[in-house]
Amino acid sequence: MTDTILITGSSRGIGQAVALRLARDGFDIVLHCRSQQAAAEHVAEQIRALGRSARVLCFDVADRAAASAALEADVEAHGAYYGVVCNAGVTADGAFPALSDDDWDRVIHTNLDGFYNVLKPVMMPMIRRRKAGRIVVMSSVSGVMGNRGQVNYSASKAGLIGAVKALAVELAKRKITVNCVAPGLIETEMLDEQIISEAMKAIPMQRTGTVEEVAAAVSFLCSVEAGYITRQVLSVNGGMC
Ligand SMILES: NC(=O)c1ccc[n+]([C@@H]2O[C@H](COP(=O)([O-])OP(=O)(O)OC[C@H]3O[C@@H](n4cnc5c(N)ncnc54)[C@H](O)[C@@H]3O)[C@@H](O)[C@H]2O)c1
Ligand SMILES: CC(C)C1=CC=C(C(=O)O)[C@@H](O)[C@H]1O
């Protein structure tokens, strides 16, 4: 049976590129979206055209009950996952004094609680497979070095790095690796022209990254060859730090 990988937030952007790349690598794919089901189904069709199986789950990663209901039902019906890519995330940028309570809560609940809400229901089934497994979590250069205007986002992405390092230790004996990918400035719908032109000064390679370049890093960490790499943060940032 082909190994299956769940990718959260995979109807567009980095998550979509990761899903297509992992399908090309030979994995069956569980796509996930919050509400963009038509877009996710379109990605699923592209994956099926590659000869791999794909199905779509829809839930808000910040909603613990919805996440566990959807994931437990999927694992019950189709079996435990080989891998999970925790990719869904949001920004709500602003100078710290201008951040609203909602800006703080939404970013932490989505980015950091989302890690717990998604991984908790699927963890024991992954362990019970008694086979190698892979968890890759999308952090950010913002979580590695902190970024002006992103106190909430940097906190969430740095928190993910801590969570990944701790979970990696817990799962090491189970042959389940746990790593972060930390992209720099990647051209997606998250970014606008002003962010790009301001950030360019800090990017030694003087360009934004592509979603395919991030997907290549995830692909490597999900591969059999990466079986001795765990508890790491792999930066894809053009040399920003
Ligand atoms: N684009 C960048 O420059 C960049 C840099 C570093 C890290 N990242 C991270 O990469 C990941 C993907 O970002 P992207 O650039 O593709 O952005 P994007 O906005 O295109 O994609 C984010 C995805 O997450 C989903 N999502 C957001 N909140 C959700 C929720 N509550 N429940 C379910 N799904 C939800 C969205 O629907 C979307 O599919 C994010 O975690 C982001 O923080 C992006
Ligand atoms: C450093 C800055 C250009 C930046 C880093 C990371 C981002 C991300 O989405 O992870 C961007 O929002 C951007 O502000």
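For the structure, check the block above.
Residues numbered from 1 in each chain as written. Chains lettered and ligands numbered in written order. Predicted model: local features only at pLDDT ≥ 70, side-chain atom pairs only at ≥ 80, totals over all residues. Heavy atoms only, no water.

**Student:** Let's hear about the overall build of the protein: which residues, and what values?
**Tutor:** Along the backbone of the protein there are eight helices and seven strands. The dimensions of the protein, computed from C-alpha atoms along their principal axes, are 50 × 40 × 35 Å. Buried residues in the protein amount to 49% of all 241 residues. Excluding contacts between residues fewer than 6 apart, the proportion of contacts in the protein whose partners are at least 24 apart in sequence is 72%. When the accessible surface of the protein is split by element, carbon and sulfur atoms take 52% of a total near 11,500 Å². (Helix = DSSP H or I, 4+ residues; strand = E, 2+ residues; numbered from the N terminus. Buried < 20%, exposed > 50% of the residue type's maximum accessible area, 1.4 Å probe, protein only. Contact = heavy atoms within 4.5 Å. Areas by Shrake-Rupley, 256 points an atom, 1.4 Å probe, with all protein chains shown as cover.)

**Student:** Tell me about helix α2 (residues 37-49), and please be specific about residues and values.
**Tutor:** The end-to-end C-alpha distance of α2, which contains 13 residues, comes to 18 Å, matching closely the 18 Å that a straight helix rising 1.5 Å per residue would cover. Looking only at α2, the buried set comprises Ala40, Val43, Ala44 and Ile47. Angular distribution of buried residues about the axis of α2 spans 105°; they occupy a single face of the element. In α2, the exposed positions angled more than 90 degrees off the buried face are occupied by Ala38 and Ala49. Here the buried face of α2 lies against α1 (13-24), β2 (28-33) and β3 (54-58). Glycine 51 sits one or two positions beyond α2 and adopts a positive phi of about 90°. (Expected span 1.5 Å × (residues − 1). Arc of directions from axis to C-beta.)

**Student:** Any chance you could break down the layout of surface pockets for me, citing the residues and the numbers?
**Tutor:** By volume, the largest pocket is sized at about 1,300 Å³. The set of elements that each furnish at least two residues to the lining of the largest pocket consists of α1, β2, α5 (141-145), α6 (151-171) and α7 (193-199). Take the lining of the largest pocket: its biggest share by element is four residues, from α7. In terms of residue class, the lining of the largest pocket is built from 19 nonpolar, 21 polar and nine charged. (1 Å grid on protein atoms, 1.4 Å probe; cavity = no way out; pocket = protein on both sides within 12 Å on 5 of 7 lines; lining within 4 Å. Points joined across faces, edges and corners; volume = space filled by probe spheres on them. Nonpolar A, V, L, I, M, F, W, Y, C, P; charged D, E, K, R; others polar.)

**Student:** Please provide a residue-by-residue account of the side chain of asparagine 111, values included.
**Tutor:** Among the secondary structure elements, asparagine 111 is positioned in helix α4 (residues 101-128). Residue asparagine 111 is classed as buried on the basis of its relative accessible area, which comes to 3%. Here the side chain of asparagine 111 touches valine 90 through a polar contact of 2.9 Å, landing on its backbone nitrogen. Side chain to side chain, asparagine 111 and serine 156 meet in a polar contact 3.2 Å long. Filtering out sequence-adjacent residues up to four positions away, asparagine 111 remains in contact with Ala88, Gly89, Val90, Tyr153, Ser156, Lys157 and Leu160. (Polar contact = N/O pair within 3.5 Å; in protein donor to acceptor, adjacent residues only side chain to side chain.)

**Student:** Could you give me a rundown of the packing of helix α3 (residues 64-78) against α4, with the residues and numbers involved?
**Tutor:** Two elements in contact, α3 and α4, have axes whose closest approach is 8 Å; the angle formed by their N-to-C orientations is 30°. One finds that α3 runs roughly parallel with respect to α4. Once α3 is placed against α4, the crossing between them reads as right-handed. Only Tyr116, Asn117, Val118, Pro121, Val122 and Pro125 of α4 make contact with α3, whose side of the interface consists of Arg64, Ala67, Ser68, Leu71, Glu72 and Val75. Here the residues of the contact of α3 with α4 sort into eight nonpolar, two polar and two charged. (Axes fitted to C-alpha atoms, helices over the stretch in contact; angles between N-to-C directions. Parallel < 35°, antiparallel > 145°, perpendicular 65-115°, else oblique. Left-handed = near helix turned anticlockwise from the far one by under 90°.)

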